Each structure stands twice: as C-alpha cells, then as structure tokens.
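# A look at the structure
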Amino acid sequence: MPHRHKRASEQKHRISKKPVQRMDEAWNTVVRNKGRRRGKGVATEELELPKDELHGQHPSSSASIQFPQRPGYGQTGTKCIVKANHFLAQISKSELCHYDVNVTPEVISTKLNRAIMAQLIRVYRETELGSRLPVYDGKRNLYTAGLLPFTSREFAVTVFHEQEGLDMTRELHFKVTVKFVGLIIMQQLNELLSGKQVGTPHEVLTVIDIVLKEVAAKRYMAFGRLFYNPNVQRNQRLGGGLHAWRGFYQSVRPTQMGLSLNIDMASSAFIEPLPVIEFVAQFLGKDVRTRPISDADCVKVKKALRGVKVEVTHRGNTRRKYRISGLSSQPTRELIFPVDEHMNMKSVIDYFQEMYGFTIRHSHLPCLLVGNQKKVNYLPMEACKIVEGQRCTRRLDDKQITSLLRVTCKRPSQQEVEILQTVRQNAYDQDPLVKEFGITIDDKLATVEARILPSPWLKYHDTGKVKQHLPQLGQWNMINKKVINGGIVNHWACINFSRHVQDTTARAFCRQLVQMCLLSGMEFNPEPVIPVHMARPEHVKKAIKHVYNSAAAKLEGGELELLVAILPDSNGTLYGDLKRICETDLGLISQCCLTKYVLKVTRQYLANLSLKINVKMGGRNTVLLDALSLRIPMVSDIPTIIFGADVTHPEKGEDSSPSIAAVVASQDWPEATKYAGLVSAQSHRQEIIQDLYKTWQDPQLGTVSGGMIRELLLSFKRATGQKPLRIIFYRDGVSDGQFYHVLLYELDAIRKACASLEASYQPPVTFVVVQKRNHTRLFPNNHNDKKSTDKSGNVLPGTVVDSKICHPTDFDFYLCSHAGIQGTSRPAHYHVLWDENNFSADDIQSLTNNLCYTYARCTRSVSVVPPAYYAHLAAYRARFYMEPNNSEDTGIHHIRPLPELKEKVKNVMFYC
C-alpha cells in the first residue's frame, strides 16, 4: 500500500461552618458593585481535598462523610402499586477472592488481554486453577468464588491474534502472573442491605457486574453497561449512512429489597457496514461517484470518518482492517509517493493497478489516510468497506434523531414485554459463570408501593376569567387565563432571515403574536419601532446592528427591548450567532421563530411564544397558590432561595472544547418562580463547578471575592430586599461515583460565598442531586386500568417511589412528575446528599413535584425540577457564546472565559 512520511448536628463533615474572623458587611453594599469590594478575603477553614482527587471516583475523605439517612417514608398522596424494571439478585457465596494479573510483555488492548485470559483459563482451569472458573476485568483484576490452589503463579500463554493492518494472524507469547491480593468479605454488603448505614461495597458490586457483563457479552457487543446486537430487531435506517441497533442496559445496585439488577431497553445509532463510497454518498446526500467533493464537504466527511475502522475489498479473501485517520488533500489521480529511498515516485493509480490488478474508477475522490502519523497509507475509497458494529459518536441531525426516536419510543406495555424477554433470553440461571459465583436473578419485575402526589393549585391574574386552576393529568392551557405578572414591551422590532417568508406574512405573524401577548396579560406596543427588516442569514451581525441602531436613532435615546427573529428551518449557526450578539454584545432580549411555524401559525404556538416572551421580559406566568398564602413547607416560613446547577460537556470527539457550567437562582420569595442565571466555561469534561466561589487579587482593591453563588445571593437581596435564610440547591448531571467530590467541593464553595457576604452568615443548606438519565422505568400494575394510567399509557404524573427500589439507607426517591407524551416515561431520581434544613420525605417530595408545575415555557408539568431544567438550558445556550478555536491542537488547552452577559439579560430568564 502506498504511504507517505446526618441531618444537621448528626452529620460529620469537613466543611467548616466556623465564622470568618474578619469580614465587612457586604449585604449593605449590594447595589452596583457586582459583588466586588475592598477586603482581605474569606478566612474560612478550607476543605482538605487534594487536587489529584478532583477527578477520581471515591475520595479518601469520603469515609468522613455520611449522606443523610432517610427520615422516614412519605405518606402524602394516593397509594397505588406500580412495577419497576428491577430484578431481585442474590449471591450465595460468603467470600470472593481478588487476584492481581500482570501480563508480560505489557498489553494495552483490553480485547487482547481478555483473549489471553480466556486462553489461560481454557488451558489451565482443570489443573492449576483447581477447576475454578474466574472472571476477569480485562485489566489487572481477576476474581474467583473461592481460593485458587496457589498464592502466586506464572503461566505461559500463547494466543493467535489478528493485528490491525497486517496480512496474517500472528502467534504471540505471554507470561501471565496471577497473584493473590485478598478476600472480598460480604459483610459490608449484608449490613447495607439490612439497613445499616455503611459505605457502598464497591468491590463486591464490581465483581457481580463483571460476571453479569460476561454473560451478556456472549450474545451482544458490549459498550460499557450497554449491550447491542443487530439481530435483536430488524435494523432501522436513520439516513446519512447510519442505522439503529436495539439492545439493553444492565447494572447492579443495592436497594431496600436487596441487590437489584436494573435492565432497560436501549437503542443507538451505528454506522452501516457500507462500501465507503456509498457511505459518503448517503452522508452528504449527493452523487459522489461522478462529481468531485467540495472542500467544505471534504471537511464534513473527514470528521465523520475519523476513527472509523474499514476493511479492504481489493485483495480477494484477504480483508485487512485499518482505522481512518483522515482524507488526502488532493484527489486520488494527483497522488504520488516515493517507492524507494532514491525518491522514485509512483502514482497511487499505477501502484494499485500493478500491485493488485485493481483499477481505480473514481480517481476524482480523495483517498482515505490510514495508519499512524509516522507512516500514513493511502487507500482508495472504492477499495474499502466499513466494518460492522461501530457506534456513531457524533451528534445526529434532526431527521436522524426523529428516526431513532421511532425505534426507541415504545409504549409502556411493549417496553415491559421487551425487558422481560431480554431477561429470559439472557438465561442468567443457566450460565456456568453465574452458577460458579452463586448468583441468582429473579425473572419478574419488582412490584413496588407508590403514591400519586396531588397537583398544586396555580394562581393567574385576577383580571382573567380563570383566576386559579387545578391541572389535571399534568397539563392545562391558557384559555381564559392571564399571566400573574405581565411583562412590558414598548420598543420591539422584527428581522426576517427567511427567504420563504414574504414581508406581508412576516408582518401578519407579528400582529398575531402581539395580539396573543396582549391577550395573555402583557403590555405590548402593537407597532414595531421600525418596519420588518429583511436580511440574509450570513449578514446576521450587520442586520442586528442595523436594526438596533435604527431603533435607537428613532427612539432618540431609548433602546430596543425585544427582537423577534424569523429563521429558516435549517439555519446552521444563525441561531447561535444571533443569541451571542444579542445577549453578550447588545444586552437585547430575542425571540426566534422557525419558518415552518410562521407559515402555519397555530394558536397553541403563539400561546407558547407569549409565555416565553413574558418571562424573558421580566414577567411571571403563574405561581403556586400555596406560595401566595405562605403554605409551602420549608419555603414560606423564612426567605428561601432555590438554586439549580448543571454542567454540559462537549460532544465526543471534541477534545479541547471547555465544559460549560450554569447556575440559576430564584429571585422572588415566597413564590420561587423567577430565576436569574449565570454561566461559566471550565476545564474540558470537569464536572465540579469551578466558579461557584472565587477570589482574586486586584492591584487597587486587594483580595476580591466573587463567583456565581455570591452574585446570585446579592441579586436575591436586590430583588426581594431580604437575604436568604435557607438554601435549597438542586444539582443536575452528577453520577453516583461523583457524589462525594461534587458535594465536598460545591458545598464548601456555597459556605465560602455566604461567609464572604457577612461574617456570621451561614444559612442551612439542602443539597439534592437530580438524575434524569437513570434507567429506572415505572409501569402501571395493570395496563388496562385507565384510571391508573395517563393518555400515553404511562403512570400518572406525580407518581413517587421511595421504597423497595431505592437506596437501603440514603434519602432518595423517584418522581415521575410529568405526563407521558410518547414512549415510556422516565422518572427523575432525586438523591439528598446534605440536609441541614431537616426536610421530611413528604416536604421535599411535594416541593419538588409542585415546582414542576411552574416551568415557564409551557403549560405542562415537566419531568425535572425547573431550577435544574433552567440551569441545563442556560448551559446549553452558553455554548453558542464560545468563539471557535481554529488553532492547531497542541495538547495545551487554555480555557477562554465566556463573554459576560449584559446586566439587562442576566437578571431575566433569557434562556427560556
């Protein structure tokens, strides 16, 4: 081939509540200083958390923290029975054994390591291994259900291995040393399952996980805890060279009913095993066999194919495999390479003809680059086929997502059947490895006691026909209702970026939108400052500046308050560019509308737009009736601020892009409906929020305190005239393994932010992790009982579970707060990691459920508590603020701070 060169006082914790020794009273100077002031910083006792632990799974200090114990079970609501996709698992062995594995020469590939260990077990099981059947993690750990007949032994192992890019299967020889490490005692697991508050027995759970993973991997391709098989169901084409595979998720966790095996169905996009030319044609949606590929399309193809494994088809039965590293910058017909040290050159076309008798027919296409950087080889696209079984890691387009959802979305009754079929097909009880470790898996779904929490009364404005409303089945509408606090829009304008929307249509749409806003209770000037402005998408900055300046000139000192933008349905970077310019450059609120909705406008669409515009302009759509009458436990009694926080990470393959953290906080009390938001860039895939609290040195001011928590506390004081005396912090996006670290770092940051405002200011904190991406599903006990299901066949909104499938001792619960739309609803999992406010189960569950009815963007209860939802929206929005990094990747990545939000933007719900 051619190539070229515990609850308050009971909890033990290392985060200090000790007052600072000296701190000016910052509450009295909250106006216009953005939280910066003269002073010497915060003299709080710092957490002893080593820097190298920030990315680990279980900090050494975790032993000194105990999450709050469950304070009892909830009683509020109508009791019912539901089924959950949890299966009781038991292990009969009293002790397991752990051995260290050392392979010489060292092997990096987990796949090869597994092949070596499989061969060792095959050869030595009945002799040196004493008939034991071990399980191996593919790295350094081997586990057995009983002792092996040695403490340490070296084995000689020979395997035949097909290496990537080579013609033949090679015979490889290894020395494998197996050395006893220790016994894994089951006592900790047994104590936890019996309800004693002890640490999680991670090692025991790891062994069980590995055993059950080995069972699944015999029939499925494993991707972490996900298992796929193309033959489970007929593959559904997604377009663009992708198709969907059906599979399942599997994990073991301790619960109140004992060990639970959680099984959930899954679907994912895989690259179709097509000839590369066919894949490129489908990916671009163009005929590439006869026409050259443009430079822009080459960039897209290169990104889509990088890292994809292909096999050659021009050598008969010899199917060598390679991984694509890029595309040639020239078409195949122009490519030449040196054939010897004298730099005699040969064309790629001639080489393939002479060497393989292969005629390249599509020489206008670039070649694939395969191999490493030192020796990159050319392969014609037409001589390669994509290897089966490769997951697509890039972002799907809208059509592909829609197609994948058709595969994924199954009605609850169908989903339940598929889960049960999967468990029975896996036949855990018949597997030799499962029998070896004494594991048994029940084949019936867990039956769980649940409760349906009542929906809350909502308050609307007294000038509407309907002044208060009790939602039914998690949804309602704005008919005969007016928003509780209407926003005011005096100066607005519209830019039409869509060539499919005529000027008359745009003007008519704006009239309808204004009418709906007025009908909903807003004050809205019927006439725009200037006529609708037509512009091309590529001139977005010029168009916005023109409209903004033209409006300012006409208003003679006044400013534009709202920009309505009509966008093409496929608008590329236009949406992000517009939001960045408006929110970080001009301080202008904007509302974008897609062409398809403008051309076929509906009353529901206009009503939803009016809700979004109202909160963006500082209004409120609805509030909880109990909030106005001061009847919300743990909120109404004293000034309470509710935070939401989330971190979004860049897509896979983007190795240098920063992660984006967002924090929102309620700005109205006692209603807790309006949320201000702040965003910050931080290190790539860093989950802990770095900018909650920070200090820096100013040449004039000395040590200056700041950070998102501090700024939002000050903002609350400005808005309400009171400082928060209670903090409720909903934190989204944290996995179980990150609980300790996130709590340690972020609770400490909250403490310091409070202390920086006032020496003795330490309001009690409740820290709740929200997990939406869990794999628990709740099913009606009887799918035919219409009284126990919503219209989609799901459990009723407000269904809460805090027993049996929940943690044996920790304070957690599952809440399905929303009505299903399509598919099987996913309940959110709430885990209280810290609770100085002494919430009861009923109080935290009811508060969380009730807040889900206050989401500003629609008239439905939502699946995640709104502050966490808003933080996610704000973090997603902030990714548009980042400037593209066009420099070469040097391996050193500097985090560029995000452009700062303008004051007029950060204090309203701009992210809605």
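Presented here is a report on the structure given in the accompanying data block.

Criteria and cut-off values
Residues numbered from 1 in each chain as written. Predicted model: local features only at pLDDT ≥ 70, side-chain atom pairs only at ≥ 80, totals over all residues. Heavy atoms only, no water. Phe/Tyr/Trp six-rings, centres within 6.5 Å; stacked < 30°, edge-to-face > 60°. Helix = DSSP H or I, 4+ residues; strand = E, 2+ residues; numbered from the N terminus. Buried < 20%, exposed > 50% of the residue type's maximum accessible area, 1.4 Å probe, protein only. Lys NZ or Arg CZ within 6 Å of the ring centre and 35° of its normal. Pairing = 2+ DSSP bridges. Core = buried A, V, L, I, M, F, W, Y, C linked by side-chain atoms within 4.5 Å. Contact = heavy atoms within 4.5 Å. Salt bridge = Lys/Arg side-chain N within 4 Å of Asp/Glu carboxyl O.

## Quick look at the packing of aromatic side chains
Two descriptors summarise a pair of aromatic rings, namely the distance from one centre to the other and the angle between the planes of the rings. For the coordinates displayed, the defined rule picks out 32 aromatic pairs. Note on F729 and F767: the rings are 5.1 Å apart at their centroids and 20 degrees apart in plane angle, and the pair reads as stacked. Here F767 lies in strand β39 (residues 765-771) and F729 lies in strand β38 (residues 726-732), a separation of 38 residues in the sequence. This pair shows no difference in class: F729 is buried, exactly as F767 is. Note on Y876 and F880: the rings are 5.9 Å apart at their centroids and 85 degrees apart in plane angle, and the pair reads as edge-to-face. Clustering of aromatic rings is evident, with ring pairs tying together Y675, Y855, Y869, Y870, F910 and Y911. Across from the ring centre of F223, 5.5 Å away, lies the NZ or CZ of R391, which sits over that ring.

## Digging into the sheet that holds strand β32 (residues 623-624)
In any sheet, the strands associate via hydrogen bonds between backbone groups, in a parallel or an antiparallel arrangement. On the basis of which strands lie adjacent, the open sheet formed by 3 strands has the order β25-β24-β32 and antiparallel pairing. Each having just a single partner strand, β25 (468-469) and β32 make up the two edges of the open sheet. Inspection of the sheet shows strand β24 (residues 458-459) paired to β25 by 2 bridges, in the antiparallel sense. What sits directly across from K459, in β25, is Q468.

## What about the pairing of strand β5 (residues 95-104)?
By the bridge criterion, 10 bridges tie β5 to strand β9 (residues 169-185) in an arrangement that is antiparallel. Pairing of Y99 across the sheet is with F180, part of β9. Where β5 lies against strand β7 (residues 141-144), 4 bridges are found, and the strand directions are antiparallel. Counted as the bridge partner of H98 is Y143 from β7.

## Overview of the nonpolar core
Counting 130 residues, the largest nonpolar core has F643, L713, Y730, Y870 and Y911 as its most contacted members. Those residues in contact with Y870, other than ones at most four positions away along the chain, are V664, Y675, T854, Y855, A856, M909, Y911 and C912. Within the second largest apolar cluster, 62 residues are counted, among which are A89, F248, L261 and V423.

## Description of unusual backbone geometry
Here the residue pair T104 and P105 is connected by a cis peptide bond, since its omega of -5 degrees sits within 30 degrees of zero. With respect to the helices, strands and loops of the structure, P105 is situated in the loop between β5 and α1 (110-124). For the bond running from W669 to P670, omega is 20 degrees, close enough to zero to count as cis. By secondary structure assignment, the location of P670 is in the loop between β34 (659-666) and β35 (675-682). Even without glycine at this site, N480 takes up a positive phi of about 65 degrees. Looking at where N480 falls in the secondary structure, it is placed in the loop between β25 and β26 (488-489). Of the residues examined, N480 reaches a relative accessible area of 41% and is grouped as partly exposed.

## A word on the pattern of salt bridges
Within the structure shown, the criterion is met by 40 salt bridges. In this structure, R451 and D802 form a salt bridge, with 3.4 Å as the shortest nitrogen-oxygen distance. Taken together, the residues R451 in strand β23 (residues 446-452) and D802 in the loop between β41 (799-801) and β42 (811-816) connect sequence positions 351 residues apart. Just as R451 is buried, D802 falls in that class too. If you follow the salt bridges from partner to partner, you end up with E711, E900, E903 and K906 in one network.

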